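Per-entry structural report
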Amino acid sequence: MRGYAGKFLEIDLSSGAIKELKFSEKILVDYIGGRGLATKILWDRLGSRWEKVDPLGPENILLVLTGPLTGYAPGTKICISGKSPQSNGVIGSTVAGEFGVDLKCAGYDGLIITGEAEKPSYIFICDNHVEIKDAKAIWGKKARESLKYLVKKSIEDIKTIKQNYGEVKEPSILYVGPAGENRTRVAAVMAKYTHGAGYGGYGGVMGSKKLKAIVVKGFGPLPEVHDLDTVLQFFREISKRNFELEHFRRFGTGAGGYYHGAVQSSEPIRNWQEEWHNRDSYRPEEFDKFWVKKYWGDFGCAITCLKLAVLRDGKFKGAICDNPDYENQAYVGTNLGIFSPEDNIYLSYIINELGMCGIQGGAVLGFAAELYEKGILSEKDLEGIKPEWGDTEAFAALAEKIAYRQGIGDILAEGVYRAARKISKIKGIDVSKYAVHVKGVAVGAHGVRSGKDDVAQDIGYACSVQAGDHTSAASLPPDRDSPAPGELRAMFLDSAVLCMFTTTLPFFKLEDNEIFRFYEAVTGYNLSREEWYNEKALRILHLQRTMLLLGGPDACWRPETDDDNPPRFWEPLPSGPCKGKTLDRKKFEENRLNYYRSVGWDERGIPKPETLEKLGLHEVIAKLKEVGYID
Amino acid sequence: MKGPIWIERLYERCSGCRRCEIACSLLHEGRIWPEASRIRVFMLIPGVEVPHLCFQCEDYPCVKACPFEALSINSETGAVNVDESKCNACGLCIKACPAKVPHMHPMKNHVIICDLCGGRPRCVETCTEGRWNALRVTSRERDFSYKSLAKTPEELTRKVAEKLYGKEIAREVYE
Ligand code: SF4
Ligand code: SF4
Ligand code: SF4
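In this report, we go over the structure that sits alongside the text. Given the structure is predicted, the values throughout are model-derived calculations rather than measurements. (Residues numbered from 1 in each chain as written. Chains lettered and ligands numbered in written order. Predicted model: local features only at pLDDT ≥ 70, side-chain atom pairs only at ≥ 80, totals over all residues. Heavy atoms only, no water.)

**Re the overall build of chain A**
For chain A, the helix and strand inventory stands at 24 helices and 18 strands. For 631 residues, the compact-globule estimate of 2.2 N^0.38 gives 25 Å, and chain A sits close to it at 23 Å. With respect to the principal axes defined by its C-alpha atoms, chain A has extents near 60 × 60 × 50 Å. For chain A, with 631 residues in total, the buried portion stands at 70%. The long-range share in chain A, meaning contacts at least 24 apart out of those at least 6 apart in sequence, stands at 69%. When the accessible surface of chain A is totalled, it reaches about 19,500 Å², and 48% of it is carbon and sulfur. (Helix = DSSP H or I, 4+ residues; strand = E, 2+ residues; numbered from the N terminus. Rg over C-alpha atoms; globule rule 2.2 N^0.38 Å. Buried < 20%, exposed > 50% of the residue type's maximum accessible area, 1.4 Å probe, protein only. Contact = heavy atoms within 4.5 Å. Areas by Shrake-Rupley, 256 points an atom, 1.4 Å probe, with all protein chains shown as cover.)

The structure is reproduced here in structure tokens:
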């Protein structure tokens with residue numbers, strides 16, 4: 001198979017053992033890479049005892065995987081996975097940056113990281129030089145400090161390996177901030193200052209392994225492809241279409257902070273109590289005032305939709321962050337009652353510095369604020385912090401407590417679902433109705449009540465095998481590729497590991513036949529639409545579904561109650577042009593059943609033995625029998 | 001454009017897309033190979049991306065420093081040409097370069113330096129096409145010291161960071 005470097009690295013942090021390994025062509029054809037391959041590796045290694053594996057324990061496996069299209073498609077991503085401490089299933093969580101390219105150029109398609117280091121460590125890779133290094137100097141440090149150290153130190157280290165080379169470029173770095181180090185479930189795996197793989201909570205998994213960072217520098221070329229001319233033709237064609245997106249290039253998803261609220265009524269406001277606003281202060285131009293005037297992107301990107309926001313003066317002076325992109329505009333903005341770009345930029349910066357996921361972190365902050373508003377959490381419970389809507393500094397203080405697991409922060413660090421469980425117990429009141437999540441994952445900032453936001457249908461979050469992940473929403477039909485990608489299409493992007501924005505947007509997309517031809521030009525394998533949607537994608541879906549249903553040890557989902565929207569989504573919208581709108585329970589249940597049927601699950605949402613048989617997943621049948629899901 | 005050319009760099013505009021590296025390595029190596037690109041985008045601070053390539057100094061210290069006559073000046077374009085068969089990878093040109101531009105080919109035994117693509121710089125084409133306009137072809141003018149612009153990635157990073165982030169923040173994130 002072309003497009004692959006041809007080998008993977010397995011690093012055991014407990015023993016320090018490092019070895020190379022390969023996967024058979026059959027496995028690569030079936031599971032591709034990234035999310036698909038992660039699912040396969042996790043099932044093979046942990047599936048038989050899945051429900052007993054603690055996501056934050058040494059037994060969990062951290063996967064950092066490229067895909068065959070990584071580096072060849074405009075916009076580079078890397079896929080992070082493992083057993084998720086949020087959903088207790090498998091989530092393929094991607095983050096942008098040059099990491100995937102550097103890793104392939106170093107000669108590896110991915111990293112399989114097991115065990116737990118004795119002391120804070122980081123992994124250093126320079127071509128075939130692989131080392132586990134001491135992270136004492138940066139353990140406890142936030143993003144900027146950690147990166148500054150790692151860049152300088154690593155360039156020195158590379159220079160001693162590549163003597164007389166000339167100036168050495170910085171390596172690519174994935175790292176965690178304090179939120180990850182302290183094993184919170186809202187921590188992201190970070191890249192640069194502002195990029196994060198947030199869904200899944202793999203920052204906490206890195207922290208549990210005492211792994212501060214992974215540094216990689218590759219000096220080789222990207223692997224050979226099957227048909228370079230065709231690959232470049234696709235590269236140019238995708239770029240051409242990307243270049244036409246003038247507004248998306250100019251404002252990125254940062255136009256969403258106004259649009260999703262004012263036009264679509266789908267933006268989280270005050271912990272999702274509302275989804276509509278039309279604040280002038282939140283229009284894109286108001287953010288533009290703080291932007292460095294340039295496009296910003298990562299390796300190969302044609303859209304370069306990121307912006308850099310810098311606060312050069314005022315009380316939040318010194319903050320740097322991206323756009324903020326829409327998810328951060330919403331979750332650490334409107335969701336906390338913040339409608340000022342400056343405050344939103346500052347809070348995004350704080351969240352980045354702590355290595356927290358903006359969505360999961362913002363969701364738990366909003367949840368705490370609503371409990372405070374309702375008098376369930378007192379100022380005393382919050383140790384003097386008064387998280388009133390719009391009080392940026394109070395939220396910044398609370399975020400710090402979460403990242404360091406201090407006081408109430410220790411409970412909130414568990415994310416909305418688990419925090420709600422604990423607080424309900426302590427207070428003797430059921431607060432789960434204020435926790436806006438699906439199967440432990442706070443949902444993306446795209447509400448479903450108004451029906452106007454394309455990202456998710458009513459079953460989008462409820463039936464996704466990646467739970468609340470808005471980049472992988474389940475859809476009817478399951479093979480939907482527009483206006484937003486359904487889960488099976490998203491799964492291809494996450495497995496071949498390329499950027500969704502450059503190839504699949506509501507207003508632009510690479511047609512299925514094109515994307516599979518692109519894949520063929522890289523790998524040499526002719527993958528038909530039918531083969532992907534009716535077989536390969538379903539196989540991955542069933543494995544992910546199975547591990548999600550197995551869950552454990554601290555959470556277990558039941559389809560009849562948990563393949564559902566958060567309670568708040570059943571309340572009518574209280575304001576805006578869609579006032580009064582909500583979801584229809586009967587229609588939802590019909591859609592859910594339809595979805596189950598069309599992917600081969602029974603009416604309870606359990607994979608059917610005959611479907612599993614057809615997909616060759618015999619061990620899954622045995623496992624589901626063992627736990628009593630099928631007789 | 002007739003006669004010697006020069007590539008103007010407007011660092012504050014660089015998006016970090018690194019498509020210039022892709023274009024350059026495809027032309028010279030037939031592969032996507034960032035380290036073998038004659039233009040390298042340094043990102044010593046996130047958000048501060050610095051495309052780094054030969055400045056074609058008026059007195060070409062690198063050419064003078066080479067004891068093997070591996071480097072020569074292309075009379076048409078003004079580029080430094082590397083004779084791969086003569087270069088023995090001693091690295092003296094790197095030491096002589098005020099900007100530390102030349103670097104070793106990542107897999108072969110010779111240095112690589114921008115050759116201006118024989119007069120049609122692919123990096124500039126790709127940068128223009130995407131409307132980043134961080135690179136631009138200009139004619140090479142008399143009475144101007146191009147060497148005065150030749151700075152190392154660190155020096156350029158410091159300057160660009162100060163422009164983008166302001167002095168104080170730049171110091172905090174870099175020094
Ligand atoms: S192509 Fe232009 S914008 Fe992109 S990295 Fe190169 S110089 Fe920067
Ligand atoms: S910048 Fe360096 S490599 Fe280019 S001409 Fe000057 S000394 Fe030579
Ligand atoms: S002008 Fe040509 S050789 Fe020089 S850096 Fe640009 S693409 Fe490379």
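**Comments concerning the sheet that holds strand 5 (residues 93-96) of chain A**
Residues and elements named next belong to chain A. Read across the sheet, six strands follow the order 2-1-6-3-4-5 without closing on themselves; strand pairing throughout is mixed. Every other strand in the sheet has two partners, leaving strand 2 (18-21) and strand 5 as the edge strands with one partner each. Ignoring which end each strand starts from, the neighbouring axes of this sheet average 20° apart. In the sheet, strand 3 (residues 62-65) pairs with strand 6 (residues 110-114) via four bridges, with the strands oriented antiparallel. For Leu63, the partnering residue across the bridge sits in strand 6 and is Ile112. Taken strand by strand, helix 2 (residues 34-46) contacts strand 1 (8-12), strand 2, strand 3, strand 4 (77-81) and strand 6, and its axis lies near 150° from that of strand 3. (Pairing = 2+ DSSP bridges. Axes fitted to C-alpha atoms, helices over the stretch in contact; angles between N-to-C directions.)

**Topic: the sheet that holds strand 7 (residues 121-126) of chain A**
Residues and elements named next belong to chain A. In space, the six strands of this open sheet follow the order 8-7-12-9-10-11, with mixed pairing throughout. Strand pairing shows two members of the sheet lacking a second neighbour, strand 8 (129-134) and strand 11 (195-197), which therefore form its edges. Across the sheet, the axes of successive neighbouring strands diverge by a mean angle of 20°, strand direction being ignored. Where strand 9 (residues 172-175) lies against strand 10 (residues 189-191), two bridges are found, and the strand directions are antiparallel. Of the residues in strand 10, the one forming a bridge with Leu174 is Ala191. Helix 4 (residues 143-161) rests against strand 7, strand 8, strand 9 and strand 12 (211-217) of the sheet, and its axis sits at about 40° to strand 7.

**Quick notes on the site of ligand 2**
Around ligand 2 lies a shell formed by Cys54, Phe55, Gln56, Cys57, Tyr60, Pro61, Cys62, Val80, Cys97, Pro98 and Pro102 of chain B. In the shell around ligand 2, the residues fall into 10 nonpolar, one polar and no charged. (Near = heavy atom within 4 Å. Nonpolar A, V, L, I, M, F, W, Y, C, P; charged D, E, K, R; others polar.)

**Let's talk about the interface of chain A and chain B**
Across the boundary between the two partners, chain A contributes 57 residues, which contact 53 residues of chain B. Both faces combined, the contact of chain A with chain B buries some 4,500 Å², and carbon together with sulfur accounts for 54% of it. Interface area lost by chain A to chain B is led by Tyr165, Glu167 and Lys169 of chain A, which between them contribute 17%. Linking chain A with chain B are eight salt bridges, by the criterion used here. One salt bridge connects Glu246 of chain A with Arg131 of chain B, and the closest N-O pair in it is separated by 2.7 Å. The interface formed by chain A and chain B includes 32 residue pairs in polar contact (both at pLDDT 80 or more). Elements supplying a minimum of two residues to the side of chain A that touches chain B: helix 3 (99-105), helix 4, helix 7 (228-243), helix 8 (246-251) and strand 13 (308-310) of chain A. For the side of chain A that touches chain B, the class distribution of residues is 28 nonpolar, 10 polar and 19 charged. (Buried area = accessible area lost by both parts, 1.4 Å probe. Salt bridge = Lys/Arg side-chain N within 4 Å of Asp/Glu carboxyl O. Polar contact = N/O pair within 3.5 Å; in protein donor to acceptor, adjacent residues only side chain to side chain.)

**Remarks on the nonpolar core**
Residue and element names in this part refer to chain A. By size, the foremost hydrophobic cluster in this structure holds 275 residues, and its most contacted members are Val64, Ile80, Ile125, Phe367 and Trp532. No other element matches helix 20 (residues 529-550), which puts 10 residues into this core. Ignoring anything within four residues of it in the chain, the contact list for Val64 reads Ile78, Cys79, Ile80, Phe99, Leu103, Gly110, Leu111, Ile113, Leu174 and Ile214. Leu245, Phe248, Cys301 and Cys305 belong to the second-largest nonpolar core, a separate cluster that totals five residues. (Core = buried A, V, L, I, M, F, W, Y, C linked by side-chain atoms within 4.5 Å.)

**What about the site of ligand 1?**
Around ligand 1, a shell composed of Cys14, Ser15, Gly16, Cys17, Arg18, Cys20, Val41, Pro51, Cys127, Trp132, Ala134 and Leu135 of chain B is seen. When its residues are assigned to classes, the shell around ligand 1 shows nine nonpolar, two polar and one charged.

**Quick look at the packing of aromatic side chains**
Residues and elements named next belong to chain A. In total, this model carries 22 aromatic pairs over all chains according to the counting rule given. Ring geometry for Trp272 against Phe569: centres 5.0 Å apart, planes inclined by 65°, an arrangement best described as edge-to-face. Taken together, the positions of Trp272 in the loop between helix 9 (256-262) and helix 10 (284-288) and Phe569 in the loop between helix 21 (559-562) and helix 22 (585-599) put the pair 297 residues apart, joining distant regions of the chain. In this structure Trp272 comes out as buried when scored by relative accessible area, which is 0%. (Phe/Tyr/Trp six-rings, centres within 6.5 Å; stacked < 30°, edge-to-face > 60°.)

**A word on empty space enclosed by the protein**
Under the defined criterion, the tally for this structure stands at eight cavities of 30 Å³ or more. Estimates place the volume of the largest cavity at around 280 Å³. For the largest cavity, the lining is made up of 25 residues, of which Glu98, Asp102, Glu170, Pro171 and Ser172 of chain A are closest to its centre. For the lining of the largest cavity, the secondary structure elements donating two or more residues are helix 3, helix 4 and strand 9 of chain A together with strand 2 (40-45) of chain B. A total of four residues in the lining of the largest cavity trace back to one element, the largest contributor, which is helix 3 of chain A. Residues belonging to the lining of the largest cavity are distributed by class as follows: 13 nonpolar, three polar and nine charged. (1 Å grid on protein atoms, 1.4 Å probe; cavity = no way out; pocket = protein on both sides within 12 Å on 5 of 7 lines; lining within 4 Å. Points joined across faces, edges and corners; volume = space filled by probe spheres on them.)

None of the figures reported here should be taken as evidence of function without further support.
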